[in-house]
Amino acid sequence: MNKRLCTLWISLVMTLCLVTGCVMPPVEEETSQPDLTLIETDSSHQADEAAPSGQTEEGSQAGETAASQDEAAGEAATSQTESEEPASSQDAAADGVYVSPETYEDFNADTIPAFAGKTYAVIHDNVPYFTEEEIREALEGPYEDYSPLDDLGRCGRAMGSLGVSLMPQGSRGDISQIHPSGWQRGCGYERSHLIAFQLAGENDNQQNLVTGTHFFNNDGMRPFEEMVGDYVREFQTLVLYRVTPVFSGDELVCRGALMEAWSLEDEGEDICYCIFVYNVFDPSEHTLIDYRTGRTYEGELQIAEEGMAGGIVQSEKEPGEIHTYIVNKRSLIFHYPDCEGVEKMSDKNKMEFTGTRDDALDAGYQPCPACNP
Ligand SMILES: [Zn+2]
């Protein structure tokens, strides 16, 4: 390991220890020096998908010879799989073991690992999903690119080739006027930059801000942002960087973000990571997120064993949680009891309704746009 990485390494570990009390190293030594060929996933890896590791080379080389030989090699590989270890993704998935998707496009809310109590999980052997073309483009010079908001007002991936020229000169301005999708006042959220202000100077760009917890924004993302920021500032070089918020279905609050970084000049020797940071409250806060609306409620976050599949699992109440709503008998709009609309409502129009949100909708009531029950 070289000296630069060592410094970054130590400072990151120290930060993480301070922040989370966790002693696990964030980036494994071996994986921080990946082979560039690992990034050429699309064609080569898909061909090897069903082959157990160790058989991969043989299997794909066999494919270039006669088809019958290829089949024989495939069969040999399969029988070895059965007798040795479950290395195919299907076998592993059946046991609940997490297997990272092979491509960036397949990384979504259904393919995030189970929350194991740590702020983040390593994805794809810690190797970013960047394509050769994306790397080539990034080498041409610094840029930053943000996805347009979707129909629900949600952010998409933010990406850039980060260099000192993009970094801010001044300090950060006010961002309180931005309300990212799922934003709820008084719920303890932070407006969370996808690409940190310190990295590209984007202050109040709504395509770069999501609703996040302190555990996500500060404890989870920040150490990884600082690693990149410190490196770019010190060595005046470029890092290819991408942050992708991951939403499930029509939910307004992201389940977390995929963060990928790759130092370009040395082909990822100093900076190389691919992690998923969970957007949850610190488990000790016993606060859960209704990801559809951004409302929060009391409950327990399920903590799984590390390396298992399953994403974020909250108490059973979610999403069919039962509430007591206040319905306005005249307008047939239903509210949470603490909504300002309820305070203004005359008592004779108030009616209690207990059930799930879907029950209320089925009964013909409309959700209040202000409290978004
Ligand atoms: Zn309301």
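Coordinates for the structure precede this section.
The rules we used
Residues numbered from 1 in each chain as written. Predicted model: local features only at pLDDT ≥ 70, side-chain atom pairs only at ≥ 80, totals over all residues. Heavy atoms only, no water. Phe/Tyr/Trp six-rings, centres within 6.5 Å; stacked < 30°, edge-to-face > 60°. Helix = DSSP H or I, 4+ residues; strand = E, 2+ residues; numbered from the N terminus. Buried < 20%, exposed > 50% of the residue type's maximum accessible area, 1.4 Å probe, protein only. Donors = N, O, S within 2.8 Å, 3.2 Å for Na, K, Ca; no water. Tetrahedral: all angles 85-135°; square planar, octahedral: opposite > 155°, others 65-115°. Disulfide = S-S within 2.5 Å. Pairing = 2+ DSSP bridges. Axes fitted to C-alpha atoms, helices over the stretch in contact; angles between N-to-C directions. Contact = heavy atoms within 4.5 Å. Core = buried A, V, L, I, M, F, W, Y, C linked by side-chain atoms within 4.5 Å.

What exactly am I supposed to notice about the packing of aromatic side chains here?
The description of two aromatic rings rests on the distance between their centres and on the angle between their planes. Throughout the structure, instances matching the rule amount to twelve aromatic pairs. For the ring pair Phe224 and Tyr273, a centre distance of 5.0 Å and an interplane angle of 65° mean the geometry is edge-to-face. Remark: Tyr273 occurs in strand S8 (residues 272–278) and Phe224 occurs in helix H8 (residues 214–235); sequence separation between them is 49 residues. A single burial state applies to Phe224 and to Tyr273, both of which are buried. A ring pair is formed by Tyr231 and Phe235, whose centres lie 5.3 Å apart and whose planes are at 50°; its orientation type is tilted. A residue pair is termed a helical-turn pair when its members lie 3 or 4 positions apart in one helix, as Tyr231 and Phe235 do in helix H8 at four residues. With a relative accessible area of 1%, Tyr231 lands in the buried category.

Looking at this structure, I do not really get the coordination of the zinc ion. What am I missing?
A four-donor tetrahedral metal ideally has 109.5 degree angles, and a six-donor octahedral metal ideally has angles of 90 or 180 degrees. Coordination of the zinc ion by the protein involves His335 (ND1), Cys339 (SG), Cys368 (SG) and Cys371 (SG), with metal-donor separations of 2.2 to 2.4 Å. One can describe the donor arrangement at the zinc ion as tetrahedral, given that its four donor atoms subtend angles of 94 to 124° at the metal. We note that the donor set of the zinc ion lies within a single chain, spaced as H-x3-C-x28-C-x2-C. A relative accessible area of 8% means that His335 is categorised as buried.

Just checking my understanding: could you explain the state of the cysteines for this structure?
By definition, a disulfide links the sulfur atoms of two cysteines through a covalent bond. Taken as a whole and judged by the stated rule, the model has zero disulfides. Free of any disulfide, Cys155 has its nearest neighbouring cysteine sulfur in Cys254, separated by 8.5 Å. Taking the relative accessible area as the measure of exposure, Cys155 reaches 7% and is therefore buried. Note on Cys274: no disulfide assigned, nearest cysteine sulfur contributed by Cys272 at a separation of 8.3 Å. Its relative accessible area of 0% is what places Cys274 among the buried residues.

Help me out: how do you make sense of the sheet that holds strand S1 (residues 120–122) in this one?
Sheet strands pair via backbone hydrogen bonds, and the direction of the pair is either parallel or antiparallel. Within the open sheet, the six strands sit side by side as S1-S8-S7-S6-S3-S2. Their pairing is antiparallel. In this open sheet, the two strands that pair with only one neighbour each are S1 and strand S2 (143–146). Averaged over all neighbouring strand pairs, the angle between strand axes comes to 15°, with direction disregarded. Against the sheet, helix H6 (residues 132–139) contacts S2, strand S3 (158–162), strand S6 (239–246) and strand S7 (256–263), and its axis sits at roughly 125° relative to S6. Packed onto the sheet, H8 meets S1, S3, S6, S7 and S8 and runs at close to 160° relative to S8.

I would appreciate a short explanation of the sheet that holds strand S13 (residues 350–355) in the present structure.
The sheet built from four strands is open, its strands ordered S13-S11-S12-S14 with mixed pairing. In the strand order of this sheet, the two ends are held by S13 and strand S14 (366–367), each with one partner. Pairing analysis gives two bridges linking strand S12 (residues 333–335) to S14, with the strands arranged parallel. Within S14, the residue paired with Ile333 across the bridge is Gln366.

I tried to follow the nonpolar core on my own but got confused; where do I start?
Nonpolar side chains in soluble globular proteins generally cluster together in the buried interior. Membership of the largest hydrophobic core comes to 32 residues, with the highest contact counts inside it found for Ile195, Leu199, Val228, Tyr241, Met259, Ile271 and Tyr273. Sorting the residues of this core by element identifies S3, helix H7 (197–200), H8, S6, S7 and S8 as the ones contributing at least two each. Ranked by residues supplied to this core, first place goes to H8 with seven residues. Setting aside residues no more than four positions away along its own chain, Ile195 makes contact with Tyr146, Ala158, Met159, Gly160, Leu162, Ala200, Asn208 and Tyr241. Residues Ile123, Tyr129, Trp183 and Leu301 belong to the second largest nonpolar core, which totals 26 residues.

Note that every value here comes from positions in space, so none of it alone points to a role or purpose.
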